[in-house]
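# Report on the structure
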Amino acid sequence: MPSSDSITRYVAAVTELLGEASITLVDDVLDRYGEHTLPAPDTRPGAVAYPDSTAAVQTLVRLANEHGVALFPISNGQNIGLGTRSPVRPGQVVVDLGRRMNRILEIDETLGYCVLEPGVSFRALHDTLLERGSRLMMSPTAGPSQGSVLANALDKGGGSGAYADHFGMSCGVEVVLGNGDVIRTGDGSLAGDAHPNWHVSKYSFGPFLDGLFSQSNFGIVTRMGMWLMPRPPHIEPFFFTFPDDDDLGEVIELIRPLKQSNFVPTLIRATNDLYLLSSATSNPEYARTGGTRTLSDAGRAALRERYGLGAWTVSGAFYGASKAAVAPSVERVVRHFTASGKGRHISLDEAQEIAPLHIAINANTGVPTDSELKMLGWRPGGGVAWLSAGTPMVGSVAAEFQRAARRICTDHGLEYLLSNVCGPRFARGVHSILFNRENADECARADACYRQMATLFASNGVFVGRAPTLYQSFHAEQRMPEFNAACAAIKHALDPNGVIAPGKYGIE
Ligand SMILES: Cc1cc2nc3c(=O)[nH]c(=O)nc-3n(C[C@H](O)[C@H](O)[C@H](O)COP(=O)(O)OP(=O)(O)OC[C@H]3O[C@@H](n4cnc5c(N)ncnc54)[C@H](O)[C@@H]3O)c2cc1C
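All figures in this text were calculated on a predicted structure; none of them were measured in a lab. (Residues numbered from 1 in each chain as written. Predicted model: local features only at pLDDT ≥ 70, side-chain atom pairs only at ≥ 80, totals over all residues. Heavy atoms only, no water.)

To continue, consider the environment of T289. Of note, T289 is situated in helix α8 (residues 286-289). The exposure class assigned to T289 is buried, which follows from its relative accessible area of 11%. Taking the C-alpha atoms as reference points, T289 and T455, 166 residues apart in sequence, are found 28 Å from one another. (Helix = DSSP H or I, 4+ residues; strand = E, 2+ residues; numbered from the N terminus. Buried < 20%, exposed > 50% of the residue type's maximum accessible area, 1.4 Å probe, protein only.)

Printed below as a string of structure tokens:
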């Protein structure tokens, strides 16, 4: 941890060069920036800085090198369940880019892209497109609408619709490196001021550097190009439900061909009962069991019955010229999912009456909402940690992981919540570990549950796609040492004094 003397000197130097509004040491503010939802104490920063330009970020980085201070960049700090806005280590100076760098720099209606500063939220981008009467739509996450589009892409977050792979849809960034240099990636790297292809040509001359800045600590991104999809005249969400836990194998087998052939243009999710229901209701047995046991089978069955859902719900959407135009596609997936007799089609009219399905309806039609955040109220105390170990799109493999991970959650007295975010070959398994953060025993069980599940997946050769700050070093140790050495070498080259978030994603 940097000494309090070096932080004091750093704050004085930043204040002198960038003004008082650029950094704070106010106790309450530091307390709030240290808060998170993980099963560990808060991680209080040494200070919080608010740059207003790329040049200001450069100044923060240069002074950090001079004063031996570590920085932790956030955009909107909505990384709930992954660290929120707290730094990976206490004492790092949080650089909150979202507060003052939140402009939409460009929306190109012809080529279908926008250029964003770090603080542009899903909500702001959605509202701006709507206000302008744009022909374009964005891909929201199911998470906080105030989340940053740029940061979510950098953290390899996932959204909805056909443009759900947010990092995949990003194109061209501007980055301040740990040594204070600013670089533009891709076509932006051409010397000079005009770069018409910067945000439209993904793979330019030379190595593809954009990936270096995702889930790393090699630089602070100050601008990003993001592709936007032309809004189809009609979007038709669809839903199916399957009754039993062990139906996951069949569900995955049914989804794979629809994605490999791109018959369904959107991402397809296969989500379990409690993942959906936790955003509509709290755990009805918590008061009786004190949270020591997982919800009983009878309790689960009663909740499913109340909401008309089974063990797994499949969601996706079709695009077309009109409702009539997509009707044959809907009929075809209805036959596909109901052929074995297990799947039941939930019509769109019926889905409109089932509150937990509104999240997918909104997300697939490009509307960000905050409804899923209600899942933090499933147990008191607001604890959540995401474990993102996935599965190849092979039913038997997915079903086996499901059984093993469910057993671990049950052994720890915690509910099993999983949403499979399915592509053609791989499904990211979004496991939500919900617990009472104010209860030491539940925190310890949540922590042990995360580690045991992650160890189980790793022992089967499956890694995570993203991780809470608390577990980033733990996961780095699961990697081959040569990979870690390569990351350390890149870090040393781009940030020789290690001023940007040492320890983030396990990179020192
Ligand atoms: C109920 C719930 C549902 C969720 N659903 C989803 C979902 O569907 N999809 C999904 O992807 N996530 C989801 N999340 C997780 C998370 O809330 C979102 O990903 C959110 O968008 C992240 O917050 P942010 O965008 O403000 O990023 P931040 O908190 O600002 O940053 C995220 C990460 O990127 C780094 N970073 C940020 N800005 C920069 C920068 N300029 N330069 C370098 N590094 C930077 C940060 O250090 C941090 O590691 C969900 C969370 C909850 C609680």
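Alright, that's what it looks like, and here's the rest.
Here we come to the site of the ligand. Around the ligand, a shell composed of 32 residues is seen, among which P73, S75, Q78, G158 and R466 lie nearest. Here an oxygen atom of the ligand sits 2.9 Å away from a polar atom, N or O, in the main chain of G77. Between the ligand and the protein, one listed contact pairs a nitrogen atom with a backbone N or O atom of V221 at 2.8 Å. Considering the ligand on its own, with 970 Å² of exposed area, one finds that the protein chains cover 96% of that surface. At the level of elements, β3 (71-74), α5 (149-154) and β10 (219-227) are the ones that each hand at least two residues to the shell around the ligand. (Near = heavy atom within 4 Å. Polar contact = N/O pair within 3.5 Å; in protein donor to acceptor, adjacent residues only side chain to side chain. Areas by Shrake-Rupley, 256 points an atom, 1.4 Å probe, with all protein chains shown as cover.)

Looking now at the packing of aromatic side chains. One pass over the full model with this rule turns up 10 aromatic pairs. Judged by centre distance (5.5 Å) and plane angle (75°), the ring pair of F263 and F318 falls under edge-to-face. With F263 in the loop between α6 (248-260) and β13 (268-272) and F318 in strand β14 (residues 312-320), this residue pair connects regions lying 55 residues apart in the sequence. Residue F263 is classed as partly exposed on the basis of its relative accessible area of 21%. A relative accessible area of 2% places F318 in the buried class. An aromatic cluster is built from F238, F240, F242, F263, F318 and F337, whose rings are joined through pairwise contacts. Geometry around F167 places K202 over its ring, the cationic atom sitting 5.5 Å from the centre. K202 extends its terminal NZ or CZ atom over the ring of W227, reaching a point 5.9 Å from the ring centre. (Phe/Tyr/Trp six-rings, centres within 6.5 Å; stacked < 30°, edge-to-face > 60°. Lys NZ or Arg CZ within 6 Å of the ring centre and 35° of its normal.)

Turning to the side chain of T469, a few remarks are in order. Looking at the secondary structure, you find T469 in the loop between α14 (440-459) and α15 (472-476). Given a relative accessible area of 13%, T469 falls into the buried group. Beyond its immediate stretch of four places on either side in the chain, T469 contacts L38, F72, L82, G83 and V88. (Contact = heavy atoms within 4.5 Å.)

In this section: the pairing of β14. Taken across its nine residues, β14 has eight buried, putting it largely inside the fold. Bridge count for β13 against β14 is four bridges, and the pairing is antiparallel. Paired with A270 across the strands is V314, a residue of β14. (Pairing = 2+ DSSP bridges.)

Below, the discussion takes up the nonpolar core. Counting 47 residues, the largest nonpolar core has F242, I255, V314, F337, I433, Y450 and M453 as the members making the most contacts within it. The element contributing the most residues to this core is α14, with seven residues. Ranked by size, the runner-up nonpolar core spans 33 residues in total, among them Y50, V93, I500 and A501. (Core = buried A, V, L, I, M, F, W, Y, C linked by side-chain atoms within 4.5 Å.)

Turning our eyes to something else, we now look at the domain arrangement of the protein chain. As assigned here, the protein chain comprises domain 1 (4-99 + 496-506), domain 2 (104-230) and domain 3 (234-469). A C-alpha centroid distance of 28 Å is found between domain 2 and domain 3. Domain 2 puts 21 residues into the contact, and the matching count from domain 3 is 20 residues. Overall, the association of domain 2 and domain 3 removes approximately 1500 Å² of surface from exposure, summing both partners, and the carbon and sulfur fraction of that is 54%. (Domains from an automatic or database assignment. Buried area = accessible area lost by both parts, 1.4 Å probe.)

Let us look at helix α2 (residues 27-34). Spacing of three or four residues puts side chains on the same side of an α-helix, whose turn is 3.6 residues. Among the residues of α2, those classed as buried are V29, L30, Y33 and G34. One side of α2 holds all its buried residues, which, seen down the axis, span an arc of 135°. Pointing more than 90 degrees away from the buried face of α2 are the exposed residues D27 and D28. Each element contacted by the buried residues of α2 is listed here: β1 (23-24), β2 (47-49), β3 and β4 (93-96). (Arc of directions from axis to C-beta.)

Let us look at the pattern of salt bridges. With the rule as written, the count across this model stands at 27 salt bridges. A salt bridge links E508 to R89, with the nearest nitrogen and oxygen atoms 2.6 Å apart. Taken as a pair, E508 in the segment after α16 (481-494) and R89 in the loop between β3 and β4 lie far apart in primary sequence, 419 residues in all. For E508, a relative accessible area of 48% puts it in the partly exposed group. The closest approach of N and O atoms between D127 and R123, which form a salt bridge, is 3.8 Å. With D127 and R123 both in helix α4 (residues 122-131) and four residues apart, this pair spans about one turn of that helix. Each of D245, D273, R300, R304 and R406 takes part in a single network of salt bridges with overlapping partners. (Salt bridge = Lys/Arg side-chain N within 4 Å of Asp/Glu carboxyl O.)

Our focus in this paragraph is the environment of G188. Within the element layout of this structure, G188 appears in the loop between β9 (182-184) and β10. Measuring from C-alpha to C-alpha, the distance between G188 and P243 comes to 51 Å, with 55 residues separating the pair along the chain. Residue contacts for G188: discarding those within four places in its chain leaves H195 and W198.

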